[in-house]
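Letter by letter, the chains look like this.
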Amino acid sequence: MTMTLGSFVVRNTFRNKRRSVLTMISISFSLLLLTMMICIWRSFYVDQVAPEASRRLIIRDRVSLAFFLPAYYRDKIRSVPGVTAIAPLTWFGGRYIDDRPEHFFAQLATDPDEYLKVASDKIIPPEQLKAWQQDRTGAIVDVTLADKFHWKIGDRITLQGTIFELNPELTIRGIYHRDPPQNALYFSTKYLEEAVPWFKGEAGWYIAQIDSPEHVADAAKIIDDMFRNSPLQTKAESEKAFQLGFVSSLGNVKAFILGICGAVMFAIMLVSANTMAMSVRSRTREVAVLKTLGFTRQRVLSIFVSESVALSLAGGVLGVLVAIPVIAAMTHQFMGFGIPLDMKVKVPTAILALVVAVILGIISGYLPAYRASRMNIVEGLRHIG
Amino acid sequence: MAIPIRYNIRNLKLRKGLTVMTALGIALTVTTAIFLMALVAGLDRAFVSSGSPLDVLVLRKGSESELTGGFDASLFPTLKTLPGIAKDSQGEPMASGEWNVVIVLPRKDGTGEVNVTVRGMMPDGLEMRQLPGPDHKPRVTLAEGRWFQTGQREVVVSKSIRERFAHANIGDTMEFGKGSWKVVGVFDAGGSAYESEVWGDVNQMASDFDRQGGYSSAYLRAEDPIAAEALTRRVSDDQRLKLDGMLETDYYAKQTRSGTPIKVIGWVVGIIMAVGSIFAAMNTMYAAVAYRGREIATLRVIGFSRPAILTSFVLESLLLALLGAVVGILLMLPFNGMQTGTSNQVTFSEVVFALRITWVVAGYAVLFALVMGFVGGLAPAWHAARQNILNALRG
């Protein structure tokens, strides 16, 4: 009986093909959005960082990234127990070709001798690293960025400074790999210091490597205490906390995401309930026949709820499938804004989205199904649909 | 002859449940779209309304923001002697050397710390900003208390700073720089970028941050728009000064790019939701057509043409969408004026702005809904118009 009932439900779900397909597409778009929101939420608030990143500490001016820290802070921080490597980073913020967003990427000045010891998740061939360290005007770039602009080792590029009055002419000396990829270029801070007199002895912020993840919080506290009475106080925090701070500066992101999720789920419910109401209405006589044949109320109820679930589940699967390429493309776009989004539709995300689809299917199918199950048989048989 | 629109209204009324649910679906999409558009409108206003076309902002050459500016105070007297500057109440050229710094304030609701811009200014700076702007209203007015006094450790805060941050009421003291500052007044900046600032005396502030003898920017009030243009060129071209002059309006217009992430997200979310709603509307309209097969055939027999039927059903779909738009706008109205913040990507400090549901936003929302209704209604209406009369009558 269950077997035949199952196929009965499936056949009925797709009996009115146009209606089912339209509903499915409508639901799939909503679920696409929902999956996107879950992915963003995960990457901001749930995902754990890579093991190397959990050992990294970012030390910046307490007030703002816009203020520089003195160069001598580097050696003081290096003396803190647990710090194994430390490199300066400065946001150059230059223009490449023009102001268009597709030409935007992160440009940072750092110390080639030590930076890759801290950023150990960036993989670069040793001879390229050596070439970079030996060339004061050299630069290394992420492989995705190099591919995007068709840069090869040895190519020369010019950036226009906006914060610094310098248009650096750089030679690509190395191409690094990192997972996830990153739209970034690094060049030597010495080049910047020599060309811009007032920047000598300054650094945007520092990135330090700690010997183990357990020591990160202690090291951060020691560093902040060390500079508490200096004219420029510091704020040391883990890389993840630093990124979260950046996210929260964009606004109330949590409320924003939850609001969109709420609207989307409500929209799915409306669409699905609407379809089920139409479906029940056009099958009034059939329902009466089913009941005459001896189908109980519960059975009729479960038939219609199952139809609703089948429909929203089908929409959900479609939505999640579409989400996979869309989110991959989005991650690529967002990197341009410097937002460290690493988004993939992971299995738990997909499952969560589908569970939401099923629950919404049950809720939205219940009312029309309940109506159908309570229908008066005689009236139903008389009904002219 | 066209089918009267009353026919469509009655039909919508007849299938109340279906109409309401479809309209609600459209309303939800419209609501989301309005929310995002209102955010952007508020943000744009924060920047666009901040500048006065008569005020010339002077920065160090090459600098993009007041925060990364900074020049020697000895240049200020030279700036004051430039021709074309309006006179202040004392009969002196109206110019203000200012000092900008970003400080960290704790949010009132305990959700963390936010960067806020503190601006030190001269008395002329206050006078300048109380002059009428392009809309003939003062750009900044005193809402409560009094202005800070020169030479005192006093500050005035904007209304939204008072609402969003702890210790920002009149009589409170704020801790930054080398000590405490007394809050003596609250000003209303009408939703402009000044709405995110704390103001005080320039000399007091500069000495607190060890920047005596320097200004991060200067403001000059020009006599008229032509003088303002000339003044910007004069400042930029003067080889002695090594400074850049720009109209304040241009300076803020550049900062609107801080809204880019919100705009991008808004477009993505809006379009995806709209496509979903179009399919839902299509469904409803197909159902409406299917139920009324015999009715449509009858209309045809009476003599209504195919184009008339097509128009009528598209119109019905548009009506449905319009209903959705109205509901959507009504749902969002309570949120009008709600304040929120984002980070200014030029100054790294927080910009406070309010959701603004303007007539333009409402207009776009209606247009957005009508497009959904039109696209969703076209195929079903086409289907209705093409129906075979005989078959339909047999039903």
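It should be noted that the structure appears before, not after, this text.
Our subject in this report is the structure included herewith. Nothing here was measured: the structure is a model prediction, and the numbers come from that model.

What counts and what doesn't
Residues numbered from 1 in each chain as written. Chains lettered and ligands numbered in written order. Predicted model: local features only at pLDDT ≥ 70, side-chain atom pairs only at ≥ 80, totals over all residues. Helix = DSSP H or I, 4+ residues; strand = E, 2+ residues; numbered from the N terminus. Rg over C-alpha atoms; globule rule 2.2 N^0.38 Å. Buried ≥ 20, exposed ≤ 12 C-beta atoms within 10 Å, placed from the backbone. Contact = placed C-beta atoms within 7 Å. Pairing = 2+ DSSP bridges. Axes fitted to C-alpha atoms, helices over the stretch in contact; angles between N-to-C directions. Parallel < 35°, antiparallel > 145°, perpendicular 65-115°, else oblique. Left-handed = near helix turned anticlockwise from the far one by under 90°. Core = buried A, V, L, I, M, F, W, Y, C linked by C-beta atoms within 7 Å.

**Description of the overall build of chain A**
(1) Moving on: Counting its regular elements, chain A contains 14 helices and eleven strands.
(2) Moving on: Its C-alpha radius of gyration of 29 Å places chain A more than 25% over the 21 Å reference for a compact globule of 385 residues.
(3) Moving on: Dimensions of chain A along its principal axes, counting C-alpha atoms only, are 95 × 45 × 35 Å.
(4) Moving on: Here chain A, with 385 residues, has 41% of them falling under the buried criterion.
(5) Moving on: Put simply, of all contacts in chain A between residues at least 6 apart along the chain, 81% involve residues at least 24 apart.

**What about the sheet that holds strand β1 (residues 56-61) of chain A?**
All names here are of chain A.
(1) Moving on: Here we have nine strands laid out as an open sheet, ordered β6-β7-β5-β8-β4-β3-β10-β1-β11, and mixed in their pairing. One side of each edge strand has no neighbouring strand; the edge strands of this open sheet are β6 (156-158) and β11 (234-238). Each neighbouring strand pair of the sheet contributes to a mean axis angle of 35 degrees, computed without reference to strand direction.
(2) Moving on: Bridge analysis of strand β5 (residues 138-142) against strand β8 (residues 184-188) gives three bridges, and the strand direction is antiparallel. Across the sheet, the residue bridging to V141 is L185, located in β8.
(3) Moving on: Set on the sheet, helix α5 (residues 126-134) makes contact with β5 and β7 (169-176); between it and β7 the angle comes to about 155 degrees.
(4) Moving on: Each of β1, β3 (83-91), β10 (205-210) and β11 touches helix α8 (residues 216-226); the most contacted strand, β11, lies at about 175 degrees to it.

**As for the packing of helix α9 (residues 260-291) of chain B against helix α11 (residues 306-332) of chain B**
Residues and elements named next belong to chain B.
(1) Moving on: Two elements in contact, α9 and α11, have axes whose closest approach is 11 Å; the angle formed by their N-to-C orientations is 135 degrees. One way to sum up the angle between α9 and α11 is to call them oblique. α9 and α11 meet at a crossing whose hand is right-handed. Residues A281, M285, A288 and V289 of α9 pack against F313, E316, S317, L320 and A321 of α11.

**Regarding the interface of chain B and chain A**
(1) Moving on: Facing 38 residues of chain B, the contacting portion of chain A comprises 36 residues.
(2) Moving on: Put simply, the parts of the chain that give the side of chain B that touches chain A at least two residues each are α2 (16-48), β3 (95-106), α9 and β13 (339-343) of chain B.
(3) Moving on: Ranked by residues supplied to the side of chain B that touches chain A, first place goes to α9(B) with 13 residues.

**Brief notes about the packing of helix α10 (residues 253-282) of chain A against α2(B)**
(1) Moving on: Contact geometry of α10(A) with α2(B) gives a least axis separation of 9 Å together with a crossing angle of 160 degrees. Looking at the two axes, α10(A) sits roughly antiparallel to α2(B). With respect to the hand of their crossing, α10(A) and α2(B) are arranged in left-handed fashion. Contacts between α10(A) and α2(B) involve A:I260, A:A263, A:F266, A:A267, A:L270, A:V271, A:A273, A:N274 and A:A277 from the former and B:G17, B:L18, B:M21, B:T22, B:L24, B:G25, B:L28, B:T29, B:T31 and B:T32 from the latter.

**Describing the environment of A:R18**
(1) Moving on: Here A:R18 lies in helix α2 (residues 17-46).
(2) Moving on: Residues A:R18 and A:A267 lie 249 residues apart in sequence; the distance between their C-alpha atoms is 20 Å.

**Describing the nonpolar core**
(1) Moving on: With 176 residues, the main nonpolar core has B:I34 and B:L220 as its most contacted residues.
(2) Moving on: Ignoring anything within four residues of it in the chain, the contact list for B:I34 reads B:G328, B:I329, B:M332, B:I357, B:V361 and B:A365.
(3) Moving on: Counting 46 residues, the second largest nonpolar core, distinct from the first, contains A:I58, A:L170, A:Y176 and A:A236.

**As for the pairing of strand β4 (residues 106-110) of chain A**
Residues and elements named next belong to chain A.
(1) Moving on: The pairing of β3 with β4 spans three bridges and is classified as antiparallel. From the neighbouring strand, L89 faces β4, where its bridge partner is T110.
(2) Moving on: Here β4 runs beside β8; their pairing, made up of five bridges, is parallel. Note on β8: the bridge partner recorded for T110 is S188.

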